[in-house]
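Structural description and commentary
Now for the letters of each chain:
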Amino acid sequence: MIVLAFFLSFAAWTAMAFAMNRHRRDMGWVRVTPAQRTVLRTAGGCLLAASLWACAGHWGWSVGTVAWFGVMTISALALVLALAFRPRARPLPD
Amino acid sequence: MKEGFRQSMSWLHTWGGLLLGWVLFFVFLTGTVGYVEAELDRWMRPEKPLVAAEVAQADALALGVAYLERTMPQAKRWLVGPPGGREQPELRYFAEAPAKPDGARGKRINGYLDRQTGEKAEYRDTGGGRLLYRMHYQLHYLPRIAGEWIVGFCTMVMFAALVTGVIIHARIFKDFFTFRPGAGHRNWLDAHNLLGVLSLPFHLMITYSGLMFLCYVYMAPVIAAEYGWSKKEGRVFVEEMFLGGADTVPGPAGVAAPLTPLAPLLAEVQHRWGPESIRFVDIRNPGDANAVIIVRNARHMPSRDEGRLVFNGVTGGLIDDGGARANPAPQVLSATLLGLHEGLFAGPVLRWLYFLAGLMGTAMIGSGLILWTKKRRARLEGRFGFALVERLNLATVCGLPVGTAAYLWANRLLPVDLGSRAAWEADALFLAWAAMAVHAGLRPAARAWVEQCGIAAAAFGLIPLVNALTTDRHLGASLAAGQWDLAAVDLTCLVFGLGFLAVAWRIHRRDRGAVADREMPSTTIQEAAE
Amino acid sequence: MSVTSRTQAAASPLEIIQRTVAAAVGGYGFAWAASVLLARILPLTRYEATQWAVLASFLFYLLAILWAFRVRPLTRMWGDILAPAAACAALAWWAGPT
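**Observations concerning the overall build of chain C**
- Across its full length, chain C holds three helices and zero strands.
- Each helix and strand of chain C, placed in order from N terminus to C terminus, yields the pattern α-α-α.
- The buried share of chain C, reckoned over its 98 residues, is 44%.

**Structural notes on the sheet that holds strand β6 (residues 308-312) of chain B**
All names here are of chain B.
- Here we have seven strands laid out as an open sheet, ordered β3-β2-β1-β4-β5-β6-β7, and antiparallel in their pairing. Of all the strands in the sheet, just β3 (108-113) and β7 (318-320) have a single pairing partner and so form its edges. Pairs of neighbouring strands in the sheet enclose a mean axial angle of 20°, with direction left out of account.
- Sheet analysis places strand β1 (residues 77-81) next to strand β2 (residues 91-96), joined by five bridges and oriented antiparallel. Each residue of the ladder has a partner; that of W78, found in β2, is A95.
- Against the sheet, helix α3 (residues 57-71) contacts β1, β2, β3 and β4 (278-284), and its axis sits at roughly 35° relative to β2.
- Lying on the sheet, helix α11 (residues 262-273) is in contact with β4, β5 (292-297) and β6; it crosses β5 at an angle near 30°.

**Regarding the arrangement of the chains**
- The pair of protein chains exhibiting the most contacts, out of two pairs of chains in contact, is chains B and C.
- Separated throughout, chain A and chain C approach each other most closely at a C-alpha pair spaced 21 Å apart.

**Observations regarding the environment of S478 of chain B**
All names here are of chain B.
- Mapped onto the secondary structure, S478 falls in helix α19 (residues 475-480).
- Counting along the chain gives 12 residues from S478 to D490, while the straight-line C-alpha distance between them is 9.6 Å.
- Beyond its immediate chain neighbours, meaning those up to four positions away, S478 contacts R473, Q483, L486 and A487.

**Comments concerning unusual backbone geometry**
Residue and element names in this part refer to chain B.
- Positive phi is not limited to glycine here, since Y141 has a value of about 65°.
- Summarising the element assignment, Y141 is placed in the loop between α4 (128-138) and α5 (144-168).
- Classification of Y141 as exposed rests on a count of 11 C-beta atoms within 10 Å.
- Positioned with a positive phi, S420 is a non-glycine residue whose angle comes to about 50°.
- According to the C-beta neighbour criterion, S420 is exposed, with 10 such atoms within 10 Å.

**Quick look at the nonpolar core**
Residue and element names in this part refer to chain B.
- Within the largest apolar cluster, 167 residues are counted, with the highest numbers of intra-cluster contacts made by V402 and A406.
- Setting aside anything within four residues of it in sequence, one finds V402 in contact with A432, W433, M436, I455, A456 and A459.
- In terms of nonpolar packing, the next biggest core, distinct from the first, is built from 30 residues, W78, F280, I283 and V292 among them.

**Here we look at the interface of chain B and chain A**
- Contact residues are listed per partner, giving 20 residues for chain B and 20 residues for chain A.
- Broken down by element, the side of chain B that touches chain A gets its largest block of residues, five residues, from helix α13 (residues 348-380) of chain B.
- Per-class residue counts for the side of chain B that touches chain A are 16 nonpolar, two polar and two charged.

**Regarding the interface of chain C and chain B**
- With 27 residues of chain C at the interface, the matching set in chain B holds 31 residues.
- Contributing elements (two or more residues each) for the side of chain C that touches chain B: α1 (13-41) and α2 (46-68) of chain C.
- At 15 residues, the largest contribution of residues to the side of chain C that touches chain B is made by α2 of chain C.
- For the side of chain C that touches chain B, a count of residues per class yields 17 nonpolar, seven polar and three charged.

**Describing the packing of helix α15 (residues 399-413) of chain B against helix α16 (residues 421-442) of chain B**
Residue and element names in this part refer to chain B.
- Remark: α15 packs on α16, axes separated minimally by 7 Å, with the N-to-C direction vectors making an angle of 145°. Our pair here, α15 against α16, has a crossing hand that is right-handed. Across the interface between the two elements, G399, L400, V402, G403, T404, A406, Y407, A410 and N411 from α15 touch W424, E425, A428, L429, F430, A432, W433, M436, A437 and A440 from α16.
- Among the residues forming the contact of α15 with α16, the class breakdown is 14 nonpolar, four polar and one charged.

**Examining helix α14 (residues 384-397) of chain B**
- Helix length check: α14 of chain B (14 residues) gives 20 Å between terminal C-alpha atoms against 20 Å at 1.5 Å per residue, within 8%.
- Buried residues of α14 of chain B: V389, E390, R391, N393, L394, A395, T396 and V397 of chain B, and no others.

Cut-offs applied
- Residues numbered from 1 in each chain as written.
- Chains lettered and ligands numbered in written order.
- Predicted model: local features only at pLDDT ≥ 70, side-chain atom pairs only at ≥ 80, totals over all residues.
- Helix = DSSP H or I, 4+ residues; strand = E, 2+ residues; numbered from the N terminus.
- Buried ≥ 20, exposed ≤ 12 C-beta atoms within 10 Å, placed from the backbone.
- Pairing = 2+ DSSP bridges.
- Axes fitted to C-alpha atoms, helices over the stretch in contact; angles between N-to-C directions.
- Contact = placed C-beta atoms within 7 Å.
- Core = buried A, V, L, I, M, F, W, Y, C linked by C-beta atoms within 7 Å.
- Nonpolar A, V, L, I, M, F, W, Y, C, P; charged D, E, K, R; others polar.
- Left-handed = near helix turned anticlockwise from the far one by under 90°.
- Expected span 1.5 Å × (residues − 1).

Rendered as structure tokens:
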């Protein structure tokens, strides 16, 4: 359940990140359209809520809410490091 | 006007953060390390059995009370904490003798008992993790009040620094995932921002709740305005606070009365709370007609007020089970904030998340200090103030961790029968830190960073080795016995050692030109954000 | 040490001292007065009201600290801190203890 919460949160942050042009540019993708942005951000929000649900499932609602913040932090950190240090074919745009 | 506001908040953030950053780094680091005081306590007392015997809490409590009956039969208070869980892995006792005729506080004793024999356990004299935790809010070598006020003042500035940091972070959402490793100071800015933003709820909570611990001291005038300025009137506030949960225990009646047998009482407690759930048993006025027995359970909820049963000490009847009491909302809020800050309710996974958040906060402060010098190097290099800041940064960001490692080294290397051993261990921390500060002052700046990171790598990385050479509670033993709490200390030190080694290596290679590193001309925060 | 920017002159040490004193001491005074006023306004028991006031006091203090460093001529800055503090204190005194 904890692992599930982490991956849901990680997926949520990934969706949010790829609603931003700068991260899409780093991946070599085209710019985001407004429709895509809405979808991605909504999906991200839902996944974060799902992550909270998973945390509550493991820890109960009061402790689970606290844990949720920690899960969000560590999954966001993981994504930041993945984006920054992934092997890339093109140099980092300055 | 928005730009002017941001700029003035930027000034406040920068200068408040810089001038108090070194103290705040100390507070955050000791807080983070102090959070794992139970694990450190155990590591620092290698005389404790490797695998603790399984003893029922009721039996351990009986042994504890029997010991106190022998040792301090006339007492104002007996407190026995049975082994149970990570927060309380040992059988502990505390007792306070009745107040002296002149009103002075009675003698206090505390220590550990062997959970199977009930005899006093002899472990090496050490402050353990608890001393580090205390330094977190009292500092060291200072009178307690002075330390608490200094930390309180710094916490208020930390609060302002966090809020101004959010205000001036113009692209807080756009930059949410941005980390640009590479040359110049942009990576330090990104790191500082990320460490702050990604655990922002934690930082805000920990800072505000930190103020709450001593809020009745810091904001005494507010209470005084409502209740009166004399000490007696101030005590009324405390009484009203606890009125719902009457921690106000009557003084001794002066009439002897045998203490009720504990076994049926504990059975009642276990029936209500489940087995092995007692955190401590607090007996007031034992042997007196006004004896009261308070039992608290292990923390499961963030709020500090949960789980309390009060019994009549002579009859064994239940006086208060906390059920009828509905705590007023502000008290619940306060207790929850304090509970969140202490994080004692957290299980193993959540504890690691807390520890990580603490490290992130410490690194946020450290990266902020370093960022200050990075941005101003081109403009201010060569000036005394700049050099001073750079050396203080180095001495703190590298030196204090080395001091913490030295504390653990001292625990292993100092003779066990040395007098005032615990004080010497603390001295070792500060002596090592001072030595690093001297080194930082004497060596050329660039070399000094590599050297100090190297020293830190050795200081942490060799701890498992020192442990193995001086005790038999080393990694081999702890892993083989499945004692993860014990092994975690050695393993975490190893990871820190490797981390410092990687940093030292990277700086070393950069200095030798293997990695091109152009120092960016200093820019304002706005330009960096462009 | 100076408040440097492209849109305003550098601040003198005297200004910095004034703002710091205004923030630290004046701010504390404002926090005290505002908290006591809050405690006296809240229709709760004396303990509850005081507890809320203590909880809120640090937020008031923070507000005052930020306010003291806003871009403003110094005299207006002092007025911004002391006037609300005095007003709160006056209102609190007029309201009387809970």
